[in-house]
Amino acid sequence: DTGVSQNPRHKITKRGQNVTFRCDPISEHNRLYWYRQTLGQGPEFLTYFQNEAQLEKSRLLSDRFSAERPKGSFSTLEIQRTEQGDSAMYLCASSLSGGGYGYTFGSGTRLTVV
Amino acid sequence: TQLLEQSPQFLSIQEGENLTVYCNSSSVFSSLQWYRQEPGEGPVLLVTVVTGGEVKKLKRLTFQFGDARKDSSLHITAAQPGDTGLYLCAGAVLIQGAQKLVFGQGTRLTINP
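Everything numeric here is computed off the predicted structure, so don't read it as measured data.

Draft legend 1. The sheet that holds strand β3 (residues 19-24) of chain A, seen in detail. All names here are of chain A. Read from one edge of the open sheet, four strands run β1-β3-β8-β7, paired in antiparallel fashion. Since the sheet does not close on itself, it has two edges, and those belong to β1 (5-7) and β7 (65-68), each with one partner. The average angle at which neighbouring strand axes cross in this sheet is 15°, direction not considered. Here five bridges tie β3 to strand β8 (residues 75-79), and the two strands are oriented antiparallel to one another. If you follow Thr20 over to β8, its bridge partner there is Glu78.

Draft legend 2. Geometry of the interface of chain A and chain B. The interface of chain A with chain B comprises 24 residues on the first partner and 23 residues on the second. Each partner contributes to the roughly 1,800 Å² buried at the junction of chain A and chain B, and carbon and sulfur atoms together form 49% of this total. Where chain A touches chain B, the interface holds two salt bridges. Glu41 of chain B is the salt-bridge partner of Arg9 of chain A, the closest N and O atoms lying 3.6 Å from each other. Of all the secondary structure elements, the ones that give two or more residues to the side of chain A that touches chain B are β4 (31-37), β5 (44-50), β6 (53-57) and β9 (88-95) of chain A. The element contributing the most residues to the side of chain A that touches chain B is β4 of chain A, with four residues. In the side of chain A that touches chain B, the residues fall into eleven nonpolar, nine polar and four charged.

Draft legend 3. Looking closely at the side chain of Arg31 of chain A. Residue and element names in this part refer to chain A. One can find Arg31 in strand β4. Buried and without a salt bridge, Arg31 has Glu56 as its closest oppositely charged side chain, separated by 11 Å. For Arg31, the side chain forms a polar contact with the side chain of Gln50, separated by 2.5 Å.

Cut-offs applied
- Residues numbered from 1 in each chain as written.
- Chains lettered and ligands numbered in written order.
- Predicted model: local features only at pLDDT ≥ 70, side-chain atom pairs only at ≥ 80, totals over all residues.
- Heavy atoms only, no water.
- Pairing = 2+ DSSP bridges.
- Helix = DSSP H or I, 4+ residues; strand = E, 2+ residues; numbered from the N terminus.
- Axes fitted to C-alpha atoms, helices over the stretch in contact; angles between N-to-C directions.
- Contact = heavy atoms within 4.5 Å.
- Buried area = accessible area lost by both parts, 1.4 Å probe.
- Salt bridge = Lys/Arg side-chain N within 4 Å of Asp/Glu carboxyl O.
- Nonpolar A, V, L, I, M, F, W, Y, C, P; charged D, E, K, R; others polar.
- Buried < 20%, exposed > 50% of the residue type's maximum accessible area, 1.4 Å probe, protein only.
- Lys, Arg positive; Asp, Glu negative; His and termini not counted.
- Polar contact = N/O pair within 3.5 Å; in protein donor to acceptor, adjacent residues only side chain to side chain.

Here you go:
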């Protein structure tokens, strides 16, 4: 297993366009998390999945954001009608069930909205 | 809303010096984790502390969880340039039986040769 994989690594898009990011977690991990990180800040929670079920969404996740995890494997995060304020690093992480387990993060997708 | 405050936010010291980074909250966490992040990469887990008062060592790094499980510290002995990076603490809160991590804003550490 090569860890958590995120694609693309970088995305530059024009304001108003839709973008989709993909995350492939560690295969044994049934939990998958999306975070957003802006420059100089720690990661902010967006949403998480237990298998294919989306169990929580942050208030940061406006109706322009949607995430899916079909069949409990990979996950996608889509942002519709992008705004300049969406520019950030989008991080995906996965973990095992149970308390005390650390997250394994991917390298992130750097989104720049111009 | 859980809030983790890290201090200092920036620290630049000379190789060989010792340093301590603090992570404080008014909330109690079921566990607390420390991560290190390099530019353009995701955070990498360093340690998880679970029990109040717990101390864990990772080579020259010593991590301590406060007795009340509201705060933590990271102490680095004889810092080296390879320790340079963004250090993040993250507290675990339970949501529907699953933990969610809430991160501090990070401490950017620079070790000068």
